[in-house]
Amino acid sequence: MYKTYDNYPDVLNVTDVQEILGIGRKQAYELVNSGAFHVTRIGKRIKVSKKVLIDWIEGGKNNAD
């Protein structure tokens, strides 16, 4: 059974992005490093706002053209 967005924290890590999109680890890291949407780096950690990811998935204003 699939999780809903509500089951994830407001700030996601790369593993969460991978799970939500159903992609592999390498693809998830390539995506977060692609500049397709805003990410925050804290040391070696990469964090993504759940709202930013959902907006990107839905083709919203955070899409890189």
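Everything here concerns the structure above.
Computed from a prediction, not measured in an experiment: that's the story for all the values here. (Residues numbered from 1 in each chain as written. Predicted model: local features only at pLDDT ≥ 70, side-chain atom pairs only at ≥ 80, totals over all residues. Heavy atoms only, no water.)

Engineer: Which residues make up the pattern of salt bridges, and what values do they have?
Structural biologist: All told, the structure shown has three salt bridges when counted by the stated rule. K3 is the salt-bridge partner of E19, the closest N and O atoms lying 3.4 Å from each other. With a gap of 16 residues between them, E19 in helix α1 (residues 14-21) and K3 in the segment before β1 (11-12) connect regions that are remote in the sequence. Residue E19 is classed as partly exposed on the basis of its relative accessible area, which comes to 43%. For D10, the salt bridge goes to K50, with nearest N and O atoms at 3.8 Å. A residue pair is termed long-range when its members are at least 10 positions apart, and D10 in the segment before β1 and K50 in helix α3 (residues 50-57) qualify at 40 residues. (Salt bridge = Lys/Arg side-chain N within 4 Å of Asp/Glu carboxyl O. Helix = DSSP H or I, 4+ residues; strand = E, 2+ residues; numbered from the N terminus. Buried < 20%, exposed > 50% of the residue type's maximum accessible area, 1.4 Å probe, protein only.)

Engineer: Residues and numbers for the packing of α1 against helix α2 (residues 25-32), please.
Structural biologist: The contact between α1 and α2 brings their axes to 9 Å, and the two run at 110°. When the axis of α1 is compared with that of α2, the two are roughly perpendicular. Crossing hand, α1 versus α2: right-handed. Here V14, V17, Q18 and L21 of α1 come into contact with α2, specifically with R25, A28, Y29, L31 and V32. For the contact of α1 with α2, a count of residues per class yields seven nonpolar, one polar and one charged. (Axes fitted to C-alpha atoms, helices over the stretch in contact; angles between N-to-C directions. Parallel < 35°, antiparallel > 145°, perpendicular 65-115°, else oblique. Left-handed = near helix turned anticlockwise from the far one by under 90°. Contact = heavy atoms within 4.5 Å. Nonpolar A, V, L, I, M, F, W, Y, C, P; charged D, E, K, R; others polar.)

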